[in-house]
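# Observations on the model geometry
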Amino acid sequence: MPADERFAVRRESARASVPRPLTAAPAPAGVPLPPGLALRGRLATGARRPETPRGSGRGGSGRGGSGSRTPRSGHGGGPRRAYERARRAWDRPLTAYYVILGSSLLITVLGLVMVYSASMIKALDISKPATYFFGKQFLAAVIGGGLMLIAARMPVKLHRGLAYPILMVTVFLMILVQVPGIGMSVNGNQNWLYLGGPFQLQPSEFGKLALILWGADLLARKQDKRLLTQWKHMLVPLVPVAFMLLGLIMLGGDMGTAIILTAILFGLLWLAGAPTRLFAGVLGFAAVLAFLLIRTSPNRMSRLACMGVSEPDPEGGCWQAAHGIYALASGGWFGSGLGASVEKWGQLPEPHTDFIFAITGEELGLAGTLSVLALFAALGYAGIRVAGRTEDPFVRYAAGGVTTWITAQAVINIGAVLGLLPIAGVPLPLFSYGGSALLPTMFAVGLMIAFAREDPAAKAALAMRRPGVRWKTMRRRVKKRSSGER
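Residues numbered from 1 in each chain as written. Predicted model: local features only at pLDDT ≥ 70, side-chain atom pairs only at ≥ 80, totals over all residues. Heavy atoms only, no water.

## Remarks on the nonpolar core
If you look at the biggest cluster of nonpolar residues, it comprises 106 residues, and the most contacted ones within it are Ile-100, Leu-238, Leu-269, Phe-394, Tyr-397, Leu-428 and Phe-451. If we ignore the near neighbours within four places in the chain, the residues touching Leu-269 are Met-234, Leu-235, Leu-238, Ala-274, Phe-279 and Val-282. (Core = buried A, V, L, I, M, F, W, Y, C linked by side-chain atoms within 4.5 Å. Buried < 20%, exposed > 50% of the residue type's maximum accessible area, 1.4 Å probe, protein only. Contact = heavy atoms within 4.5 Å.)

So, in structure tokens, the structure goes:
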């Protein structure tokens, strides 16, 4: 036999010797197959076995016998997973909206509690009820809450339309303050208007909001026309109008408000992309002017000399700064208890306004002061997020200006209480007593809430949370039945 035929015969015999899988013959109707034969039939016809989880063994248990794979500790464990979860939660569209709303309301509510606690002795000392200052602050908070709600619901175009009217009304009121017989002097500052009864108004507080809205609208229109590349368009008329407001404020002697207004001006210039030389020039001019104003005033020089003191001098100087440090030092970790402050019994001047943070540290301790700092940090960071994620130049400048205002004022107030900065006489935003400071600040917070709502992703997320939208979405998912189907 030839070699080719022998090779073919061997190949056919090898194929015949391989056992073939048994296939299940089709069973008659109603007659079940034996379990083993049915299983072999499924394997022979190519049916896939059901997949089991990785790491599972007999009885559905894995290596540890639990039936599921447990996450490994280390790099893929708890801390890293918690960080990733927090980062994903922060990147959600409505995060800035809720952080601004929640932190501002918490600061305001905690401020009301501390105003009541810090002002009781002061109210009794002037023969008023213990709730005198708290009642006025609560009324201002209610009105401010209404302003915040209105500002949050207003469209961006309406905010831009209010920029010039607010500026003109504020300038008129600030000029009216300097008219003899109309303006009032409080603690040596001629910056108040008498409204009747126990109510007064400080127009310079509204000057901060006016400068932000008007400056944001001005810079946004110039950016649309591509004029901000020229230094004269960046400075004029923004800097002259800001200096006019500063002059009206300094006529009344309010150095603290002037510092906040200067910070807002520099914040707007920074957001507009001012070159370093221009920014340094304006900053140098402001620093020289501030030095001259401080040098020519004995009161301001004494405040500058009280930085970092731990004891008042024998002549009674630096009394407020030293007792502010005493209040913070006696608070400890968790404070002496709400209402149990000792420094508010006449030792610490202005315990419910400029130095309310010191009373907070004495009664709530380090835990309370750190909570306040965390709330302000969250509010500031959310404002930066709103300003950084928008494509509208007006929203960017206005949100950045409001964030600069609240953050700078909080830093100056807390820094003065801690002895790190001179006592400027500015209240802690949303926290200290003072309706004139609370009303524009709450309107500015509503402004940032409106900007956070204007984000396209936030708009879509808020629309999906409405009950009507959910009901329509559910109705779309239901199949329509034919007319004859029951």
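This is not the end of the story, as more comes after the structure.
## What about the sheet that holds strand β3 (residues 199-201)?
A sheet is described by the order of its strands in space; here three strands give the open sequence β1-β2-β3, paired in antiparallel fashion. Each edge of the sheet is formed by a strand with only one pairing partner; in this case those strands are β1 (183-186) and β3. Strand-to-strand twist in this sheet, taken as the mean axis angle between neighbours without regard to direction, amounts to 55°. Judged from the three bridges that link them, strand β2 (residues 189-196) and β3 form a sheet pairing that is antiparallel. Along β3, the bridge assignment pairs Leu-193 with Leu-201. (Pairing = 2+ DSSP bridges. Helix = DSSP H or I, 4+ residues; strand = E, 2+ residues; numbered from the N terminus. Axes fitted to C-alpha atoms, helices over the stretch in contact; angles between N-to-C directions.)

## Quick word on the state of the cysteines
Throughout this description, disulfide means a covalent bond between two cysteine sulfur atoms. Enumeration according to the criterion identifies one disulfide in this entry. Here Cys-306 pairs with Cys-318 through a disulfide, and the sulfurs are 2.1 Å apart. When the S-S torsion is -90°, as for the bridge of Cys-306 with Cys-318, the disulfide is left-handed. Taken together, the residues Cys-306 in the loop between α13 (298-305) and α14 (319-329) and Cys-318 in the loop between α13 and α14 connect sequence positions twelve residues apart. Exposure remark for Cys-318: the relative accessible area of 17% places this residue in the buried category. (Disulfide = S-S within 2.5 Å.)

## Structural notes on helix α15 (residues 356-389)
The terminal C-alpha atoms of α15 lie 35 Å apart, and with 34 residues this falls more than 12% below the ideal 50 Å at 1.5 Å per residue. Along α15, the sharpest kink reaches roughly 130°, centred on Leu-364. (Expected span 1.5 Å × (residues − 1). Bend = angle between axes of the 7 residues up to and from the residue.)

## Thoughts on the packing of aromatic side chains
Across all of its chains, the model carries eight aromatic pairs by this definition. Aromatic pair Phe-243 and Phe-285: ring centres 5.6 Å apart, planes at 10°, arrangement stacked. Taken together, the residues span a long stretch of sequence, with Phe-243 in helix α10 (residues 238-251) and Phe-285 in helix α12 (residues 276-295) at a distance of 42 residues. Here the aromatic residues Tyr-116, Phe-134 and Phe-138 are joined through ring pairs into a cluster of three or more. (Phe/Tyr/Trp six-rings, centres within 6.5 Å; stacked < 30°, edge-to-face > 60°.)

## Digging into a nonpolar patch on the surface
The grouping of Trp-333, Phe-334, Leu-366, Leu-370 and Leu-373 at the surface amounts to a nonpolar patch, some 580 Å² of accessible area in total. With respect to the helices and strands, the residue Leu-366 is situated in helix α15. Owing to a relative accessible area of 35%, Leu-366 belongs among the partly exposed residues under this scheme. (Patch = residues over 30% accessible without salt bridge, like charges linked within 9 Å, V, L, I, M, F, W, Y side chains within 5 Å. Areas by Shrake-Rupley, 256 points an atom, 1.4 Å probe, with all protein chains shown as cover. Salt bridge = Lys/Arg side-chain N within 4 Å of Asp/Glu carboxyl O.)

## Things to note about unusual backbone geometry
As a rule of thumb, non-glycine residues mostly have phi less than zero, and peptide bonds are mostly trans rather than cis. Of the consecutive residues Val-236 and Pro-237, the connecting peptide bond is found in the cis state with omega at 0°. By the secondary structure assignment, Pro-237 is in the loop between α9 (231-235) and α10. Despite not being glycine, Ser-127 has its phi angle at roughly 65°, a positive value. Mapping Ser-127 onto the fold places it in the loop between α4 (95-125) and α5 (132-153). At Arg-226, a residue that is not glycine, the phi angle is positive and equals roughly 60°. By the element assignment, Arg-226 lies in the loop between α8 (203-224) and α9.

## Some details on the pairing of β2
Sheet analysis places β1 next to β2, joined by three bridges and oriented antiparallel. Paired with Met-184 across the bridge in β2 is Trp-192. Linking β1 back to β2 in an antiparallel pair, the connection comprises two residues, with Asn-187 at a positive phi of about 55°. Joining the antiparallel neighbours β2 and β3 is a turn of two residues, in which Gly-197 adopts a positive phi near 70°.

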